[in-house]
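Take a look at the letters that make up each chain.
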Amino acid sequence: MQEYFFLSLLIPGPTMPGNNLDVYLEPLIEELKLLWEVGVNTYDASMNRNFNMRAALLWTISDFPALANLSGWSTKGEFACPSCHKDTCSRWLRYSGKHCYMGHRRFLASDHPFRKDKRSFNGFEEHDKAPSQLSGDMVLRELDGHTHTFGRLNNDNRKLPYNWKKRSIFFELPYWKGNILRHNLDVMHIESNVCESVLATILGLDKSKDHAKARDDLQEMGIRPELHPIVDESGKRYYPPPCFLMNRAEKEIFCGVLKQIKVPDGYSSNISKCISKKPPKIFGLKSHDNHILMQQLFPLALRRVLTKQVRAPLIDLCNFFRGLCSKVLHARELIQLERRIALTLCHLERIFPPSFFDIMVHLPIHLATEARLAGPVQYRWMYPVERYLSTLKAYVRNQSRPEGSIPEGYLAEECVVFCARYLDDVETRSNRATRNHDGNIDTRVELPIFVNPGRHLRGVNIVNWDVDTMKRAHQYVLFNCEIVQPFLSEHREMIRNQNPRLRIRDIERIHNETFVSWFANQVQNMDFVNERGISDELRSLAQGPNFIGKRYKGFIINGIRFHVKEIGQRRKTQNSGVVVIAKTTSYSSANDRNPVIGDVTYYGVLKEIVELEYFLSRKVVLFKCDWVGQGRMQRQDENGFTLVDLSRPMNTGEPFILASQAQQVFYAEDPIDKGWHVVIKTAPRDCFDMDRREEIYVEDYLLSETCTGDISDDNEEIRWVREGVHQFVHPLFLVWFERQLLIFLKMVKTRGGKSIRQSTRKSTACDSAQASHERAHNDTQVLTQQSAHVTQSSIEPNIGISGGRKKRKARGPTLMPKVWGQTEETRKRISFNKFGQPNDKEHMSTFAHFLGTLARNGKYAPLNVLRWDKVPEKPNKEQMLQIVKDKFEIPLGCEDYILQSIGKKWRNLKTTLKAKYFDSKLSLDENLRNVPNRVNESHWNDLVKHWLSKEGIEASKKNKESRSHQPYTHRTGQRGFSIIREMEHEKLGHEPTLSHMFMTCYSKKDGTPANALVGEKIEQMKMLHASGASSDNGNDAYYKVIGNGKYGRVNLYGLGVKAADVNGTVPSRKASHHAALQLQARNEELQKELNELRSIPLHQ
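In this numbering scheme, every chain counts its residues from 1 along its sequence in written order. In keeping with the model being predicted, local features are shown solely for residues with a pLDDT of at least 70 and side-chain atom pairs are shown and tallied solely at 80 or more, while totals for entire chains, interfaces and linings include all residues. Processing note: side-chain calculations cover all non-hydrogen atoms of the structure and skip hydrogens and water entirely.

## So, the overall build of the protein chain
To keep it simple, the criterion reads: The helix count covers DSSP runs of H or I at least four residues long, the strand count covers runs of E at least two residues long, and both are numbered beginning at the N terminus. A simple rule labels every residue: compare its accessible area, found with a 1.4 Å probe on the protein chains alone, to the largest value its type can have, and call it buried under 20%, exposed over 50%, or partly exposed in between. Computed by Shrake-Rupley with a 1.4 Å probe, the accessible areas treat only the displayed protein chains as cover when residues are assessed.
Counting secondary structure elements, the protein chain contains 36 helices and 25 strands. Here the protein chain, with 1100 residues, has 43% of them falling under the buried criterion. When the accessible surface of the protein chain is totalled, it reaches about 62,500 Å², and 51% of it is carbon and sulfur.

## Concerning the pattern of salt bridges
For clarity, the threshold we go by: Think of a salt bridge as a Lys or Arg side-chain nitrogen and an Asp or Glu carboxyl oxygen that are within 4 Å of each other.
The full count for this structure, using the stated rule, is 38 salt bridges. With a shortest N-O distance of 2.3 Å, D216 and R237 are connected by a salt bridge. Linking D216 in helix α5 (residues 212-221) with R237 in strand β6 (residues 237-238), this pair joins segments that are 21 residues apart in sequence. For R237, a relative accessible area of 31% puts it in the partly exposed group. Between E508 and R492 there is a salt bridge whose closest N-O contact spans 3.0 Å. Of this pair, E508 sits in helix α16 (residues 504-529) while R492 sits in helix α15 (residues 485-498), placing them 16 residues apart in sequence. For R492, a relative accessible area of 26% gives the class partly exposed.

## Digging into a nonpolar patch on the surface
Here is the rule we go by: Like-charged residues within 9 Å of one another, or nonpolar side chains (Val, Leu, Ile, Met, Phe, Trp, Tyr) within 5 Å, are grouped into patches, provided each residue has over 30% relative accessible area and no salt bridge.
A cluster of nonpolar side chains, namely L34, V38, V40, F51 and M53, defines an oily patch on the protein surface of about 380 Å² accessible area. Examined against the element boundaries, V38 turns out to sit in the loop between α1 (21-37) and β1 (40-44).

## Description of helix α25 (residues 844-855)
Here is the rule: Here, expected helix span is obtained from the residue count minus one, scaled by 1.5 Å. Residue contacts are counted whenever heavy atoms from the two residues lie within 4.5 Å of one another.
Helix length check: α25 (12 residues) gives 17 Å between terminal C-alpha atoms against 16 Å at 1.5 Å per residue, within 8%. Among the residues of α25, those classed as buried are M844, F847, F850, L851, G852, T853, L854 and A855. Check the buried side of α25 and you find it contacts α24 (817-820), α26 (873-887), β25 (888-889) and α27 (895-917).

## Regarding the packing of aromatic side chains
Heads up, the rule is: Pairing of aromatic rings covers Phe, Tyr and Trp, the last counted by its six-membered ring, and requires centre-to-centre distances within 6.5 Å; plane angles under 30 degrees mean stacked, over 60 mean edge-to-face, and any other angle means tilted. By definition, being over a ring means that NZ of Lys or CZ of Arg is both within 6 Å of the ring centre and within 35 degrees of the ring normal.
This model, assessed by the stated rule, comprises 30 aromatic pairs. With a centroid separation of 6.5 Å and an interplanar angle of 80°, the aromatic rings of F832 and Y897 are classed as edge-to-face. In this pair, F832 is assigned in the loop between β24 (828-829) and α25 and Y897 in helix α27, connecting sequence segments 65 residues apart. Its relative accessible area of 14% is what places Y897 among the buried residues. Ring centres of F850 and F888 lie 5.5 Å apart, and the angle between their planes is 65°; this geometry places the pair in the edge-to-face category. Of this pair, F850 sits in helix α25 while F888 is found in strand β25, placing the two residues 38 residues apart along the sequence. Residue class for F888 comes out buried when judged on its relative accessible area of 2%. Among the aromatic residues, those joined into a ring-pair cluster are F479, F487, F515, W518 and F519. Above the ring of F121, the side-chain terminus of R105 is found at 4.4 Å from the ring centroid.

## Comments concerning the sheet that holds strand β9 (residues 455-456)
What counts is decided by this rule: In this description, strands pair whenever DSSP reports at least two bridges between them.
A sheet is described by the order of its strands in space; here three strands give the open sequence β9-β12-β13, paired in antiparallel fashion. Unpaired on one side and paired on the other, β9 and β13 (560-563) mark the two borders of the sheet. As judged from the two bridges shared by β9 and strand β12 (residues 554-557), these two strands associate in the antiparallel manner. Each residue of the ladder has a partner; that of R455, found in β12, is I556.

## A look at the confidence of the model for the protein chain
Counted only if it meets this: The score called pLDDT rates the predictor's confidence residue by residue, from a low of 0 to a high of 100.
Residues at a pLDDT of 70 or more form 83% of the protein chain, whose mean pLDDT is 81. Every residue in residues 727-736 is under pLDDT 50, and counting partners more than four places away or in other chains gives 27 contacts. Confidence over residues 751-807 falls short of pLDDT 50; this stretch has 71 contacts with residues more than four positions distant or in other chains.

## Regarding the packing of α27 against helix α29 (residues 937-948)
Spelled out, the test is: The angle between two axes is taken between their N-to-C directions and runs from 0 to 180 degrees, where each axis is a line fitted to C-alpha atoms and a helix contributes only its stretch in contact. These descriptions rest on fixed angle ranges, namely under 35 degrees for roughly parallel, over 145 for roughly antiparallel, 65 to 115 for roughly perpendicular, and the rest for oblique. Classification convention: Asp, Glu, Lys, Arg as charged; Ala, Val, Leu, Ile, Met, Phe, Trp, Tyr, Cys, Pro as nonpolar; all other residues, Gly among them, as polar.
α29 packs onto α27 with a crossing angle of 75° between their chain directions and a minimal axis gap of 12 Å. It follows from the interaxial angle that α27 and α29 lie roughly perpendicular. Judged by residue contacts, K910, L913, K914 and Y917 of α27 engage W940, L943 and W947 from α29. Of the residues that constitute the contact of α27 with α29, the class distribution is five nonpolar, no polar and two charged.

## Structural notes on the environment of V516
Here V516 is to be found in helix α16. Residues within four places of V516 in sequence aside, it is in contact with H474, Q475 and L478.

## Considering the nonpolar core
Formally: Within this scheme, the nonpolar core is defined by two criteria: the residues are buried Ala, Val, Leu, Ile, Met, Phe, Trp, Tyr or Cys, and they are joined through side-chain atoms within 4.5 Å.
Of all hydrophobic cores here, the largest spans 98 residues; its most connected members are I202, F254, I282, F298, L302, L314 and F352. In terms of residue count, the dominant contributor to this core is helix α4 (residues 187-203) (10 residues). Excluding its chain neighbours within four sequence positions, the residues that come into contact with I282 are L199, L203, L205, F254, C255, L258, C274 and I275. F450, M470, Y476 and L606 belong to the second-largest nonpolar core, a separate cluster that totals 53 residues.

## Focus on the packing of helix α9 (residues 331-351) against helix α11 (residues 364-374)
A pair of packed helices is characterised by two quantities: the angle between their axes and the separation of those axes. At a minimum axis separation of 8 Å, α9 and α11 run at an interaxial angle of 175°. Classified by the angle their axes make, α9 and α11 are roughly antiparallel. From α9, L334, I335, L337, E338, I341, A342 and L345 reach across to α11, where they touch P364, I365, A368, T369, A371 and R372. Across the contact of α9 with α11, the residue classes tally to 10 nonpolar, one polar and two charged.

## Brief notes about the side chain of Q574
Within the fold, Q574 resides in the loop between α18 (565-568) and β14 (577-586). Owing to a relative accessible area of 12%, Q574 belongs among the buried residues under this scheme. Setting aside residues no more than four positions away along its own chain, Q574 makes contact with K262, V263, P264, F666 and Y667.

## What to know about the pairing of β13
Here β13 shows a buried face lined by I560 and F562 and a second buried face lined by R561 and H563. If you look at the hairpin formed by β12 and β13, you'll find two residues sitting between the two strands, and N558 has a positive phi there, around 55°.

## A word on helix α2 (residues 64-71)
Extensive coverage of α2 is indicated by the burial of seven of its eight residues. Phi turns positive, to about 90°, at G72, one or two residues after α2.

## Notes on unusual backbone geometry
With omega at -5°, the peptide bond leading from K278 into P279 counts as cis. Mapping P279 onto the fold places it in the loop between β7 (275-277) and β8 (280-282). Phi is positive for N558, close to 55°, though the residue is something other than glycine. As for its position among the elements, N558 is in the loop between β12 and β13. On the basis of relative accessibility, which here comes to 29%, the residue N558 falls in the partly exposed class.

## Regarding the environment of D506
With respect to the helices and strands, D506 occurs in helix α16. You can call D506 buried: its relative accessible area is 17%.

## What to know about the pairing of strand β18 (residues 642-645)
Remember that side chains alternate between the two faces of the sheet whenever the strand is regular. Covered by surrounding structure in β18 are T642 and V644 together with L643 and D645, the residues of both alternating faces. The sheet contact formed by strand β17 (residues 634-636) and β18 spans three bridges and is antiparallel. Bridged to Q636 within β18 is T642. Linkage of β17 to β18, two consecutive antiparallel strands, is achieved through a turn of five residues, within which G640 is found at a positive phi near 90°.

Here it is as structure tokens:
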């Protein structure tokens, strides 16, 4: 890019001209006028003729201080923001001696709850609107009638309105006032400064924005009293630790992650050189280092430190910069970025002190808007300009005359570039291949499988392949060759016709085992009969590779440099991470006849790079990796990072992939869970994701206002004081104390013969420092307690963030892999009672959890079906019953309970998903994007549409009303009514009554009723028993007090029990009458037969 830069202006002198820059720009402005109004005669090499070329200046690119000299608007003081202009929201901090720029609530929707939250922000409600965009006509109207005389010694200029210092010379261009964007905000320096401020503040470094004067400003503003300075009786001031300050252990974790991480080749510089773990600190970062931190590494290091209310906005800030710096920007994504950065900065306002919000922290609010107007930031930031300035400085040979050395070197460079464009067959700096160039492609080959665009690096080994390795590698080549696909379908169909009763899984197994030999014979037979015109390359592919091949240590393909893991262990870079998305057939069980085919992401580590050589010198390069697929070895944490367990790779029969299929990732080891690694995806430098998205009308998009729609947010109360971190006097005091402590420890180590007590007496400085620190800590605790006692109503709710306690690991979903792996020989027998309910105490919990996995499996129990009775019997419910019978040995007649139990868990799952992931206040699109993990996206879309429909809302109201009529809550836990009934039967020696069951199940462990209403019902039952108003079996008392319940149901028996199962079947009137007539007719027949028998004489 540098060869297209023009050095049009070089200003000599030891100092920058400042606002007098316009004097030096006058010749350039005259040339720009000429280019626009008259044009320049220019030669067109493609058309071989001259034409009149006109040109216009789009915008200027500069850092933030130079923007003031170019635009005429001062970037300091009360109105420092050139985009907010006169509507800049700022406040003077008396103790810090600077302006802070907050007020980001103006960019939220007018009804957002943050606008009325006085306590979490600056103590005031926010009712102002976001500032409008400053046009060129508005600038000219504000400066109309004002003149400015240039010169350093001239002090006669009048004070211009607001922050104006002059009228920019660029307004002499006739088109300049019509430009929507005239001066770009530099993303490079803004991102770098924001990163430095955040790092220094959360680590407590010297440049931290949280200092003693910042706490005094908080006290003066009357906000966040928990963080105000505390003064003891001796006059010493102590400061409670803020929620955003890391403790010692978190600093070591944070710096340890950045210190140990290895990135791919060419990704960044070696950032670990700027990281110190003991003591934990960061120093010497360059602008690009800060860019890499904000793009990927900073969120990675934040995963295990700080609280979620602090960590989440910081990660969101990094996501904003990563989205903004994408090579391809989409209109709707930029609108979302505008909405997101406003909410992110508001969250940061609730956490960090006002002194944190200098002008650089405020400017990101305008970056997405400028990207909407001007496109990707890669063409508008200072990185190429800074690199070019470095090139110009390198031309200087005479340090006393740099203004002469730079033009001389520039002219020499221009001559070299001009000559190089006429040398086509000579390698020059202009046409030289990049470092990770793939190499030349062999155009002689016909089959795409033999086209190898990559090139290997040094380190080639000739090897003899063993039979198993060659078979697997050759099989993968055949299965991924496009010309072989018809043969694959033909072979599967042949196996299916020969074995019509085989399951799909067995057919695939036979197909994988026999296809290679069958394909070789098939091609050979076709060659004999001369069918299909067999090519030489297809014939060589069928014959298989040679037993002698090559193994490489490194390979470059798709612009990415790969190294095997063995090489990466000795280097500072990591180039062995591989990711591939493959179509995979998934089976739920051995009897599954409807497998699911879908894309599955596999992460791996590159072990070997092999090259198979076929006849006719055709070659295929494969990567052999250790893979980790979906399941227990892959998960996602609460911050959205993907983690894989690389210590336990899959035992797969297909370790190979084609080199052209590989994409690169790199891994960062989790500092807490050993063996687990976080996955970070990368992309080649020259790769642009130009996928087609939903189109938007360009004119409406460019001229639209900033979208300020409501964003769903958890408006929880901020806890500003952090527990687990000692209160401190000042960060510089802690640095001094650590140095004194190190001196003390060295003295103890060197005086090994003396006791520590003797050494301590002589180390008076350290002794006094340690004593003062302990006394300060003790006094601060007393003062904090006294202060909390005095202002308990305002302080107590905001104290109690656990910083030193280790967070308990969240429980993952119940998958029951051991049960799914059971066979017919190893399955467990489940016993059932007379009502068809499981009563196996040993395996009851396992059986119930396994039924839950079926209820959560969208393949068998789809969530988009509204009611359980609408789930098809075939094949869904039949398949679920068959799976249960395959994994457990159950008696006949228990199918109804199994389906009812799965249906209940299925309904509970829908209730949980609605409560956790659905919000009726959000729009349809926002709810559709919040797809839960392990839930089919189409099922979720149907569920959300039903919940937002009129029928869904009415059903929800009906269910809420039904639940309000259930005032009793049982205390059985996971045991259930059936288990409680059997336990009471064993205890009493007879079947427990309903009254006894109610008293047992609705009482606590100590025998007291669950609530007052339950206690009232129990007393009524006892009174009926005592008065004899109920029968002896105790059921009458229950029915008189509680009622009969719903028709056909019986209470306190558990799931699946009907009234007919307990009381027997009660016939109808018609059936009873018909049975009585039959009994009467039968009685008459028997009476007649008896009379006939009596009439027969008895023989002597």
